[in-house]
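Survey of secondary and tertiary structure
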Amino acid sequence: MYSLRFSLKTQKILISLGLAVLVSIVFAQTAHFDWVRYDDPDYVYRSDRVTSGLSFSNLAWAFTHFHAANWHPITTLSHMLDCQLFGVNPGLHHFNSVVFHTLAVIALFFALDSLTGKIWRSAFVAAVFAIHPLRAESVAWIAERKDVLSGLFFALTLLAWSYYARRKSVTRYLLAVLAAALGTLSKPMLVTIPLVLLLIDYWPLNRLRTEKIIWLLLEKIPFALFAAVSAVATVLAQHGQIDTFGFPLPLRFENAIVSYAIYLRQLIWPVDLAVLYPHPEKFFPFLIIAGCAVLLIAPSTIAIIYRKRFPFLFTGWFWFIGMLVPVIGIVQVGRQAHADRYTYLPLIGITIAIVWLVAELTARWRFRKQIGALVSAVVIIALSACAYHQTTFWRNADSLWPHTLAVTTNNDGAHLAFATSLFAEGKTEEAIAHARAAAEIRPADAGFYGNVPVGLEGKALDEAILFWSERVETEPNNIAARNTFGVLLVQKHQTRAALEQWEAALSLNPNDGNAQSNLAWVFATAPDASLRNGTRAVELAERALKLAGGVNPILHRTLAAAYAEAGRFDDAIATAERGQEFAEREGNRELTDEFVAVLDRYRQHQPMRDASLELPEDL
């Protein structure tokens, strides 16, 4: 190869520049992308702590509080830094994610080169990691900043471990521990670092031949302790979401087996990628399970049998298997079957196994280097083109969700997420259409998502009310059920009955934001004077807005209405103006126009009235 014209140092510099250019070609387009409004509000622009930027108070908060149902303080601090530097400009947040991914790619190249001494194989693995279409979700989704951050610290851990293993010192060991700790504090999925370090001790470091296994295990104790702390914090943070939907354990095992097979297929044939794959929620046909099981058992067996001849197969394969364990769905969080973002680091292992195996099997081929360079170029170009195309779907919610619905079936979650985004944009009719489509797929969850205008009528509304009535009766402590039941009762103009449900929800949890905001709105805007209570409306709305981080425009609308009902029109005007700013930031044109209208009323000292809250006798 022509690389021999350059010194080794020059080759590494050129490869690093080439990797950076590759990433830029595929992902630089995201600098012009918007928020996708899926998890982005919780992670960034609706978190008052995050949008207020870095401070000692926020630094302490990041380490002592859960954020977006996770404990990942380093990721939280990175979002705070972005807001400190760029405000809530999504393009610059995207740019930073691309920078972190670029650094992770380059660090991975140097780590693999240091571990194996195979510069071009390492470069190819890093290139595949850089621009595989499965990377689009991790890089182009601002809420997945935790992926690229954890990837950077993971690669730095491998690099530091390589230096430590070749010449032991306390400083090098502590650097590896520090990098691993920062990675785990970026994303809990890195609890598998101790396993990966043991695997690379086996190959390529070959430490099992020269050192006692007990010492190798003792070395990993600090890494395991960080992993344990992170795992406990994650369980606490996601309490209430784990196995939310009650999938039986056998079904979760089946889905895990199938998901492993899907990830392997996506590595080779990355088509029909989506942000949300709905869980099958039913057992798979025997032949599918059997085939997927064979796809797992056969390579595992081969990797074990040929571990001496091809040790890279053992390391690479079990790297892939092991790193996916925390997210494979045995412990189910949410309703997704699997997710592209989960492959960010695990597929590095299988890529290493494939690249090294092909290199070993073709070692005696004539023109091997020329053929290898040509095939590598074709693969990288093809993957780059596919990744560029896949990334375009992340431009905004209006491009992401139609694509997701086009490549998946029975995806009520995608319909509801799209409905939420459309509602935020002020496209109420379209939002209702998608919410109804979700309700048709899963009628039991009609109205469950609160701010999505399901808009049920007639028989569908009566059936939903009957369902939730029975749900509340059988599960009297189910706060979500009572909140949903109340929303449906309002649609039936049974406002007094709705208030009873929300009051009951609030008695079960005084900090339930949904019940607080629903009650505050009725107390502030009901046409019937017997339902209104301005003082209580203000109390509830202030608490709800504080719980939501202080940046939710809809809750600003509620609080402004509460102030107006209480006669505090100056506060109502100031609150509505701030809510209008947040609505404009989120691109919610309908809500922005509504703020303009109510501000005119408040300046004339007229309170807000919601005609939809009319009681039956007033209709």
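Before reading further, recall that the structure is shown in the block above.
What comes next concerns the included structure. (Residues numbered from 1 in each chain as written. Predicted model: local features only at pLDDT ≥ 70, side-chain atom pairs only at ≥ 80, totals over all residues. Heavy atoms only, no water.)

Throughout the structure, instances matching the rule amount to 22 salt bridges. Across the pair Glu144 and Arg341 runs a salt bridge whose closest N-O atoms are separated by 3.8 Å. A residue pair is termed long-range when its members are at least 10 positions apart, and Glu144 in the loop between helix H8 (135-140) and helix H9 (145-166) and Arg341 in the loop between helix H17 (311-324) and helix H18 (346-361) qualify at 197 residues. Note on accessibility: Glu144 and Arg341 belong to one class, buried. A salt bridge links Asp201 to Lys220, with the nearest nitrogen and oxygen atoms 2.7 Å apart. On the criterion of sequence distance, the pair formed by Asp201 in helix H11 (residues 193-202) and Lys220 in the loop between helix H13 (213-219) and helix H14 (221-237) is long-range, its members being 19 residues apart. With respect to burial, Asp201 and Lys220 carry one shared label: buried. Counted as one network, the salt bridges with shared partners bring together Glu137, Glu144, Lys146, Asp147, Lys187 and Arg341. (Salt bridge = Lys/Arg side-chain N within 4 Å of Asp/Glu carboxyl O. Helix = DSSP H or I, 4+ residues; strand = E, 2+ residues; numbered from the N terminus. Buried < 20%, exposed > 50% of the residue type's maximum accessible area, 1.4 Å probe, protein only.)

What follows covers the packing of aromatic side chains. In the structure shown here, the tally under the stated rule is 20 aromatic pairs. With a centroid separation of 5.7 Å and an interplanar angle of 80 degrees, the aromatic rings of Trp203 and Trp356 are classed as edge-to-face. Taken together, the residues Trp203 in the loop between H11 and helix H12 (207-210) and Trp356 in helix H18 connect sequence positions 153 residues apart. Assigned by exposure class, Trp203 and Trp356 land together as buried. Over the face of the ring belonging to Tyr164 we find Lys168, whose NZ or CZ atom lies 5.8 Å from the ring centre. (Phe/Tyr/Trp six-rings, centres within 6.5 Å; stacked < 30°, edge-to-face > 60°. Lys NZ or Arg CZ within 6 Å of the ring centre and 35° of its normal.)

For helix H6 (residues 90-116), with 27 residues, the first-to-last C-alpha span of 39 Å sits near the 39 Å given by 1.5 Å per residue. Where burial is concerned, most of H6 is hidden: 21 out of the 27 residues are buried. Measuring from the backbone nitrogen of Gly91 back to the side-chain oxygen at the start of H6 gives 3.0 Å, which picks out Asn89 as the cap. (Expected span 1.5 Å × (residues − 1). Polar contact = N/O pair within 3.5 Å; in protein donor to acceptor, adjacent residues only side chain to side chain.)

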